[in-house]
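# Residue-level structural notes
Chain by chain, the residues run as shown.
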Amino acid sequence: MNWENVYSHAKQWVKEAGERIRQSFDQTLNIETKTNPNDLVTNIDKETEQFFIKKIKEVYPSHKILGEEGFGDQVDSLEGTVWLIDPIDGTMNFIHQQRNFAISLGVYENGVGKIGLVYDVVHDELYHAFRGKGAFLNEKPIPPLKEASVSESIIALNATWVMPNYRIDHQLLIPLVRDARGTRSYGTAALEIVFVATGRVDAYISMRLSPWDYAGSAVIVEELGGIITNLRGEKLDYLSKDSLFVAKPGLHQTILAEYLKDGKW
Ligand code: IPD
Ligand code: CA
Ligand code: CA
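Report on the accompanying structure. (Residues numbered from 1 in each chain as written. Chains lettered and ligands numbered in written order. Predicted model: local features only at pLDDT ≥ 70, side-chain atom pairs only at ≥ 80, totals over all residues. Heavy atoms only, no water.)

## Observations regarding the sheet that holds strand β5 (residues 102-109)
Applied cut-off: Whether two strands pair comes down to DSSP finding at least two bridges between them. Labels follow the DSSP assignment, with helices taken as runs of H or I lasting at least four residues and strands as runs of E lasting at least two, numbered in each case from the N terminus. Residues are treated as being in contact if the distance between any of their heavy atoms lies within 4.5 Å. Axis definition: a line fitted to C-alpha atoms, over the contacting stretch in the case of helices. Angles run 0 to 180 degrees between N-to-C directions.
Taken together, seven strands build an open sheet; the order of strands is β3-β4-β5-β6-β7-β8-β9 and the sheet is mixed. Whereas interior strands pair on both sides, the edge strands pair on one side only; in this sheet they are β3 (64-67) and β9 (140-141). Note: β3 against strand β4 (residues 81-89), four bridges, orientation parallel. By the bridge assignment, Lys 64 is partnered in β4 with Val 82. In this fold helix α5 (residues 189-197) packs onto β4, β5, β6 (112-120) and β7 (125-130), with an angle of close to 105° to the strand it touches most, β6.

Here is the structure:
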């Protein structure tokens, strides 16, 4: 397989999909709910996923596609080449704000992330990496990550996890929020993970994400030395929902050992 071709196709298709999304801003959205009243999907999420599937199947008919909106294949193993696609990550922001959302795309070979793309459509910022060949923001190389201490860190996490909730004991994350320099919440996992990659934030924590939320950004952040695991410090499996913890090197070990060790994540 010519991976350079896959990489250049992926970049080209993501840019085209982004242009279609920008052009849709004047249209009235058709908004539906999925698992609960705040779990939203629009016609643009669906059309964008279908756009990718058509392009990929035309050129790479043997590749498998796992897409959030379900138009791809039934994927239950990462054998072979698999594209993991979130057509719009941050749909709530897309609907309410028309910004702070991204297209996320990862291409995996036998479970190993080869290509990762996250496209911030509104800012025309494409974060991309090809394993072993560096990570870029548009054409500019992103420098490798340096270590950071908790007291000088900005941690991205959702306020839900520090108030009573049904997933975790909300007391557990309070010391980390207290000791960090600051916290942020952007409402788009894919961008929050590439913000770790670019050093805009130092860590990001989520209690439950799906493979398409992080498959693209994981390749980018790992290429720069960032560590991405679940909250127990275990490898993600890219096929099932899990908690997620990504941070700069060093900081990841410190937070796991000093702040997360007692949680039943
Ligand atoms: C969501 C966003 C959000 C995260 C949710 C995801 P979607 O993805 O990444 O930031 O907190 O868990 O489901 O539904 O907008 O693609
Ligand atoms: Ca998502
Ligand atoms: Ca989505």
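Now that the structure has been shown, the text picks up again.
## Focus on the packing of aromatic side chains
Using the following cut-off: Within 6.5 Å between ring centres, the rings of Phe, Tyr and Trp (the latter by its six-membered ring) count as paired, and their orientation is classed by plane angle as stacked under 30 degrees, edge-to-face over 60, tilted in between. Partly exposed residues are those whose accessible area sits between 20% and 50% of the maximum for their type, while under 20% is buried and over 50% is exposed, using a 1.4 Å probe and protein chains only. Counted as over-ring charges are cases with an Arg CZ or a Lys NZ within 6 Å of the ring centre that also lie within 35 degrees of the ring normal.
For the structure shown, the criterion picks out eleven aromatic pairs. The interplanar angle of 70° and the centroid separation of 6.3 Å between the aromatic rings of Trp 13 and Tyr 60 together place this pair among those described as edge-to-face. A residue pair is termed long-range when its members are at least 10 positions apart, and Trp 13 in helix α1 (residues 3-23) and Tyr 60 in the loop between α2 (43-59) and β3 qualify at 47 residues. With respect to class, Trp 13 is no different from Tyr 60; both count as buried. A centroid spacing of 5.9 Å and a plane angle of 35° characterise the contact between Trp 13 and Trp 83, whose relative ring orientation is tilted. Of this pair, Trp 13 sits in helix α1 while Trp 83 sits in strand β4; the two residues are 70 residues apart in sequence, bridging distant segments of the chain. According to the relative accessible area criterion, Trp 13 is buried, its value standing at 3%. Classification of Trp 83 by relative accessible area gives buried; the value is 0%. Taken together through their ring pairs, the aromatic side chains of Trp 13, Tyr 60 and Trp 83 make up a single cluster. Its guanidinium or amino end placed over the ring of Trp 3, Lys 114 lies 5.1 Å from that ring's centre, counting from NZ or CZ.

## Thoughts on the coordination of the calcium ion (ligand 2)
Filter applied, for reference: Metal sites are built from N, O and S donor atoms within 2.8 Å, or 3.2 Å for Na, K and Ca, and they leave out water, so they may look incomplete.
The coordination sphere of the calcium ion (ligand 2) contains the protein donors Asp 86 (OD), Asp 89 (OD) and Asp 213 (OD), at a distance range of 2.1 to 2.3 Å. Each donor residue of the calcium ion (ligand 2) belongs to the same chain, with the gaps between them written as D-x2-D-x123-D. In this structure, the calcium ion (ligand 2) lies 3.7 Å from the calcium ion (ligand 3), and both are coordinated by Asp 86. Taken as a pair, Asp 89 in strand β4 and Asp 213 in helix α6 (residues 211-223) lie far apart in primary sequence, 124 residues in all. With respect to burial, Asp 89 and Asp 213 carry one shared label: buried.

## What about the nonpolar core?
Put simply, the test is: Put simply, a nonpolar core is a bunch of buried Ala, Val, Leu, Ile, Met, Phe, Trp, Tyr and Cys residues held in one set by side-chain atoms that sit within 4.5 Å of each other. What counts as a domain boundary in this text is fixed by an automatic or database domain assignment.
With 39 residues, the main nonpolar core has Tyr 127, Tyr 204, Ile 228 and Leu 244 as its most contacted residues. For this core, the secondary-structure elements that each account for two or more residues are β4, β5, β7, β8 (135-137), α5, β12 (203-209), α6 and β14 (242-247). Broken down by element, this core gets its largest block of residues, eight residues, from α5. Two domains share this core, each providing at least three of its residues, namely domain 1 (3-141) and domain 2 (150-260).

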